[in-house]
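Here is what each chain is made of, one letter per residue.
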Amino acid sequence: MDLSRRSFLSAAALTAATAGLTAACGGSGSTGTKNGKNLTLWYWGGGLSDKVVADAKTHFTEVKLTAAQVGGDFKQKLVTTLAAGTSVPDITGVKGEDIASFLPNANRFLDLNELGFKKISSQYLDWKVKLAQSKDGKQIGFPIDIGPTALYYREDLFAKAGLPTDPAKLAAQTKTWEEYFALGTELHKALPGTFLVNNTSAVFSNVVGQGTKRFIDANNHFIGDQDHIRTAWTTAVRPYQLGIDGKINDSSWNAAVSKGALGSELGPAWHALDIEQAAPATKGKWRVAPMPGGPANNGGSYLALPKQCRNPEEAFKIISWILSPANDARGFTDAAIFPAAPAAYKLPAMTGGDAFFGGQKIIEVFGPAAQAIPVSYEAPADAAVAAPYYTELGNIEAKGKNPDAAWKDAVSQAKQIAQRQGVN
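Residues numbered from 1 in each chain as written. Predicted model: local features only at pLDDT ≥ 70, side-chain atom pairs only at ≥ 80, totals over all residues. Heavy atoms only, no water.

1. Brief notes about the packing of aromatic side chains
The geometry of an aromatic ring pair comes down to the distance between the two centres and the angle between the two planes. Summed over all chains, the structure comprises 25 aromatic pairs. Consider the rings of F142 and F316, whose centres lie 6.1 Å apart with planes at 50 degrees: the pair is tilted. Within this pair, whereas F142 is found in strand β4 (residues 142-143), its partner F316 is found in helix α14 (residues 312-322), the two being separated by 174 residues in sequence. A ring pair is formed by W177 and F181, whose centres lie 6.0 Å apart and whose planes are at 35 degrees; its orientation type is tilted. (Phe/Tyr/Trp six-rings, centres within 6.5 Å; stacked < 30°, edge-to-face > 60°. Helix = DSSP H or I, 4+ residues; strand = E, 2+ residues; numbered from the N terminus.)

2. Brief notes about helix α18 (residues 382-399)
Counted at 1.5 Å a residue, the expected span for α18 with its 18 residues is 26 Å, and the 26 Å between its end C-alpha atoms agrees. The buried fraction of α18 is high, at 14 of 18 residues. G400 sits one or two residues past α18 and shows a positive phi near 70 degrees. (Expected span 1.5 Å × (residues − 1). Buried < 20%, exposed > 50% of the residue type's maximum accessible area, 1.4 Å probe, protein only.)

3. Here we look at the side chain of N198
Mapped onto the secondary structure, N198 falls in the loop between α9 (177-190) and α10 (200-209). Under the relative-accessibility criterion, N198 is labelled buried at 10%. Within the structure, the side chain of N198 is placed 3.3 Å from the side chain of E265, a separation counted as a polar contact. Those residues in contact with N198, other than ones at most four positions away along the chain, are D245, G246, K247, I248, W253, L262 and E265. (Polar contact = N/O pair within 3.5 Å; in protein donor to acceptor, adjacent residues only side chain to side chain. Contact = heavy atoms within 4.5 Å.)

4. Regarding the pairing of strand β6 (residues 264-268)
Among the 5 residues of β6, 5 are classified as buried, and the element is accordingly described as predominantly covered. Covered by surrounding structure in β6 are S264, L266 and P268 together with E265 and G267, the residues of both alternating faces. Of the pairings in the sheet, the one linking strand β5 (residues 149-154) to β6 comprises 5 bridges and is antiparallel in character. Opposite T149, over in β6, you have P268 as the bridge partner. (Pairing = 2+ DSSP bridges.)

5. Considerations on the packing of α18 against helix α19 (residues 403-420)
The relative placement of two packed helices is expressed as an angle between their axes plus a distance between the axes. Following both chains from N to C, one finds α18 and α19 inclined at 160 degrees, their axes separated by 8 Å at the closest point. If you check the angle between α18 and α19, you find them roughly antiparallel. The crossing of α18 and α19 is right-handed. Each of A384, V385, P388, Y389, E392 and I396 in α18 lies in contact with α19, whose residues at this interface are P403, A406, W407, D409, A410, V411, Q413, A414, I417 and A418. For the contact of α18 with α19, the per-class residue count stands at 13 nonpolar, 1 polar and 2 charged. (Axes fitted to C-alpha atoms, helices over the stretch in contact; angles between N-to-C directions. Parallel < 35°, antiparallel > 145°, perpendicular 65-115°, else oblique. Left-handed = near helix turned anticlockwise from the far one by under 90°. Nonpolar A, V, L, I, M, F, W, Y, C, P; charged D, E, K, R; others polar.)

6. Observations regarding the packing of helix α2 (residues 50-59) against helix α15 (residues 325-335)
Across the interface, α2 lies against α15 with an axial gap of 8 Å and an inter-helix angle of 135 degrees. Accordingly, the angle class assigned to the pair α2 and α15 is oblique. Contact residues: K51, V52 and D55 in α2; N327, R330 and D334 in α15. Of the residues in the contact of α2 with α15, the class split is 1 nonpolar, 1 polar and 4 charged.

7. A word on the pattern of salt bridges
Going through the model one piece at a time under the given rule, you end up with 12 salt bridges. Measuring nitrogen to oxygen at the nearest pair gives 2.8 Å for the salt bridge that ties R330 to D55. Taken as a pair, R330 in helix α15 and D55 in helix α2 lie far apart in primary sequence, 275 residues in all. Of the residues examined, R330 reaches a relative accessible area of 27% and is grouped as partly exposed. By relative accessible area, D55 is classed as partly exposed at 32%. (Salt bridge = Lys/Arg side-chain N within 4 Å of Asp/Glu carboxyl O.)

8. Thoughts on helix α13 (residues 271-278)
Of all the 8 residues making up α13, 6 are buried; the element is thus mostly covered by neighbouring parts of the structure. Among all positions in α13, only H271, A272, L273, D274, I275 and A278 are buried.

9. What about the nonpolar core?
Counting residues in hydrophobic clusters, the biggest one holds 64 residues, and the most contacted among them are L48, L305, F338 and Y345. Here the element with the most residues in this core is α14; it accounts for 5 residues. If near-sequence neighbours (up to four positions away) are discounted, L305 is found in contact with D90, I91, F109, L110, L112, L115, P312, A315, F316 and I319. Membership of the second largest hydrophobic core comes to 49 residues, among which are L163, I229, A296 and Y390. (Core = buried A, V, L, I, M, F, W, Y, C linked by side-chain atoms within 4.5 Å.)

Below, the structure is given as structure tokens:
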């Protein structure tokens, strides 16, 4: 599967399929000739600002930096390369949904704190920094970006339906999920071909992300059958029961967005680029408001230095420069990569109006959301254990499966996966 920036909901299923591979990264490995004057960087399309990466090549004259955009299943290719121990990149991206699964094998990466990250870590959001720390405090990831969530909506469609169109007024009427769903019922009644919700999985993912607990606790106990997950499940099923669930999947999403079948979209800041690319003709018609129920984080990645890195000191200088607040702001302008460095939020590159969103200054929504994201523990097996819930939500939509029966099956399957993953 080629993970696009949009397919953040399918990341759980992907990680479940590959979670066991990380343990295969054994042996010391080698990149071959230890040439500290040549460094390689792996990342994926949209993972970094291409312009900033290009500038890094000329900014650092002491080394030759070769950057490669790796397509396809990035994590699997990285895991396979680390396991082989040859042709390992000196610098690599690690997707946010994958970082937890690499932590049990933190010894495969250099501790960035020993290279100077500890001195500058306060420039980055503390919760994001900690997600890339092993239990013994080793920092394997340097934050690239985060995914503060919000509500994207079609201002023109809301106007036709007689609904609030101003972001502040809409926010006041959609503070809770039930208020949001009530608005969706009005929207669908006025415009029968337009749905409020993409799919139930999108709601489930965001509600889970709004809490401080996930599927496994810090003591390695399965908690996917507790009230916080059950509440997220019930909330996710609600739009399906109300008839405002578009049942839209990856293959139908582009058409739904461009044709107006989707009146709103729940998603992180980087999702803006997906909407723009899928529906360029809707420029100026979209707006952004706070997400019902409060902010969550979805996605956001890291740069890491595999232990085979040929010149750790110079490599750290490069990633520190690429991910400085000033260059982070450029990344937002170039590719909607939302910075993990709050200082960037006040820079001109981020404070101007966005033409695609009708000139709205969307940082006024995403900035406060980024700093209010609740902190939750994400276990290495979290994504694998979460996968059955998304599968069963899909069964409700595609097969009409009874939600209670689907819940029981999801919990049962999740417990089995947890046990196989060594979770109590």
